[in-house]
Structure formats: C-alpha cells, structure tokens
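Per-entry structural report
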Amino acid sequence: MLLVLIGIILGGIVFVYGFDIEKTTIEKCNVQTLDKPSFERAINTTLPTEISNYLVKQVGIKTFKHVGTLSKDSLHYSVIEVKDQFPPKAYYVVWDKTGVKKFGELKFKVIKESSKSDVIGEYTILTIYGKKKVQVIAQKSFKVAEVDNVKSLKTIKVVLAEYVYIWTWVGGKDTLTKTGAKGKFWVDYGNKIVDVDDLSWEYHDMKVGLCSFSHHTDDDPLSAGVYADAHYHLAFRHFDSHPRVFVNAWAEVDFDGYGNKWNGKPSC
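Heads up: these notes are all about the structure in this document. None of the values given here were measured: they were computed from a predicted structure. (Residues numbered from 1 in each chain as written. Predicted model: local features only at pLDDT ≥ 70, side-chain atom pairs only at ≥ 80, totals over all residues. Heavy atoms only, no water.)

The buried fraction of strand β12 (residues 175-188) is high, at 11 of 14 residues. The pairing of strand β11 (residues 156-169) with β12 spans 13 bridges and is classified as antiparallel. Counterpart to Ile156 in the pairing with β12 is Asp188. Where β11 folds back on β12, the antiparallel hairpin that results is connected by five residues, among which Gly171 adopts a positive phi of roughly 80 degrees. Here β12 runs beside strand β14 (residues 201-204); their pairing, made up of four bridges, is antiparallel. Paired with Lys178 across the two strands is Tyr203, which belongs to β14. Turn length for the β12-strand β13 (residues 192-198) hairpin, with the two strands adjacent in sequence and antiparallel, is three residues, and the turn residue Gly190 shows positive phi of about 75 degrees. (Buried < 20%, exposed > 50% of the residue type's maximum accessible area, 1.4 Å probe, protein only. Helix = DSSP H or I, 4+ residues; strand = E, 2+ residues; numbered from the N terminus. Pairing = 2+ DSSP bridges.)

This is the structure:
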C-alpha cells in the first residue's frame, strides 16, 4: 500500500493529508451458492383491472403498490403495499376467474436483524493547531420479516438492508459525508426476488461539495442488488463512496463497497 502526504494551505492553516491511493474495500459476507430454486410457482407483476377496481371501489384503498401476484393451481394471491415502512403495511387479495375470494391485512413478524459498524480507514491531518484524524466508517444493517398470518403466503419475506459509507472527523461532532445504499427486497423464499425498492440516499456537510450522486438496482430471479455512487470534494480533497447491498432468493444479505481518495482541483 502506497502512502502519500500532501500539504494544503487554506487561510493560514496547513492541512497535511495522509492517504493510500488504493481503493478501500469491504469484504463480502458468506452466502450459499445460488443454485436451482427449491420450488417453482408463477409470480405475475401485473394486477388485473377488476382487482384494482375492487380495491378502489369496494375496499376504499386508492393508493397502493402491487408487489406481486403469486399463483398456484387456480388461485391467485395478490400482495399490495399501502405504506412504505418496515415491517410493511400491506394487504392480500385471494381471487380466481370468478372474482375475489378473500381480502385481508398481512401481518409480519421480524425473524432476524443485525447491525454492525467498522472503521475501515483512518487518515492523519496536520494543522497549525495539531493533528486531526479522519475516519472512514462502514455501517451495515439488515432486518428480515416474514408473513405471519396467511399460510399460503408464509414464504413471503421482506428484507430491509442498508450499507452506509461514512467520512467523518475522529472525535468531532461533524460528519462530512454519508452515502447509503438501501433497499427493501420482497422475496418468495427459495423461488425468486419478487420486488425491489431502491431507497438509497446521501448526506454531506455544508463545507463539503457534492459533485455527483446516483443509484440504481440490478436484479435477476435469484438475486438483486442496490448500488449507490457519490463523489465529494473538500477543498482539494476528493472522495468517492460506492456502497452496495445484495439479497438472494433465500433472504440472505451480502454487503460490498469501496471508496477512492485523491487530491485534485478545489472543485468538481
């Protein structure tokens, strides 16, 4: 690892940055091999007009998100979300070609959760007042909830996962930047990823310039990921954050990410 020391003079204060020019990486968690699903059942992404009309006119639910419709034999189980929270505020509709058979609220139970914070980098800054340090912190967290009151939908699990990449002063009150890759993943356990909500976000202190921030999802039937990418600068100091979170069809969570540091011009 190559260490570079660069001094910057700002308003009579000398800042000396010590940083490595290699990217900082986060080790991946172990996950099982994604082989064949444990079973197959159809999942439809569209909701028939008759069912939408039923929800609006007879139930009074005017705003909702259709998460997916699971079909087995001649019955269809449509899951709709009415409020973005965790555990979700959601309902189910059971129907067939003759019409609606049953409607009710889904109850969820949290079955697993984890939160961890690690310092993955530390850099010294020398000023006329003494040395200061900057840390890079990785915060990883997730919660898993499952349907608890409808037997035919017991395989439905919801995973809220977040990886936050933080740049902050050591021992100070000011956090310079936070970049969060966050997603809510609906999973039909052992079968496929049903739906993904990208909830990624960023924060930067008023002293820090935001050059760019973008986020997106990437998914296939057995796994899905949420990606966040940000570029900041503080005077001549530039910093990239690239956190990612992944969930597979077995509701297992994986984290990955890296950050690049360099000195350049005092703007984007």
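On to the packing of aromatic side chains, then. Across all of its chains, the model carries eight aromatic pairs by this definition. Aromatic side chains Tyr91 and Phe103 sit 5.4 Å apart centroid to centroid with 10 degrees between the ring planes, which places their arrangement in the stacked category. With Tyr91 in strand β7 (residues 89-96) and Phe103 in strand β8 (residues 99-105), this residue pair connects regions lying 12 residues apart in the sequence. Phe103 sits in the partly exposed class, given a relative accessible area of 26%. Each ring, one from Tyr227 and one from Phe246, has its centre 5.5 Å from the other, and the planes form 85 degrees; the classification is edge-to-face. (Phe/Tyr/Trp six-rings, centres within 6.5 Å; stacked < 30°, edge-to-face > 60°.)

Another aspect to go through is the state of the cysteines. Two cysteines form a disulfide when their sulfur atoms are joined by a covalent bond. In total, this model carries one disulfide according to the counting rule given. Covalent S-S linkage joins Cys211 and Cys268, the inter-sulfur distance amounting to 2.1 Å. Classification of the bridge connecting Cys211 and Cys268 rests on its S-S torsion, roughly -90 degrees, and on that basis the disulfide is left-handed. Here Cys211 is found in strand β15 (residues 209-220), whereas its partner Cys268 is found in the segment after β19 (261-263), with 57 residues between them in sequence. Accessibility expressed as a relative area gives 23% for Cys211, which makes it partly exposed. (Disulfide = S-S within 2.5 Å.)

Our focus in this paragraph is the nonpolar core. The biggest cluster of nonpolar side chains holds 29 residues, and the ones touching the most others in it are Val159, Ala161, Trp167, Phe185, Val245 and Val253. Only β10 (130-147), β11, β12, β13, β16 (223-234), β17 (237-248) and β18 (253-259) provide two or more residues apiece to this core. The greatest single-element share of this core, amounting to six residues, is contributed by β11. Look past the residues within four positions of Trp167 in its chain and what remains in contact with it is Val134, Gln135, Val136, Thr175, Leu176, Thr177, Leu234, Arg237 and Phe239. Judged by nonpolar contacts, the second largest core, of 18 residues, contains Ala90, Leu106, Leu153 and Val158. (Core = buried A, V, L, I, M, F, W, Y, C linked by side-chain atoms within 4.5 Å. Contact = heavy atoms within 4.5 Å.)

Regular strands have side chains that alternate between both faces of the sheet. Of the strand pairs in this sheet, strand β5 (residues 65-72) and strand β6 (residues 75-83) are connected by seven bridges, and their pairing is antiparallel. Residue Lys65 lies in a different strand from β6, and its bridge partner there is Glu81. Connecting β6 to the next strand, β7, in antiparallel fashion are five residues.

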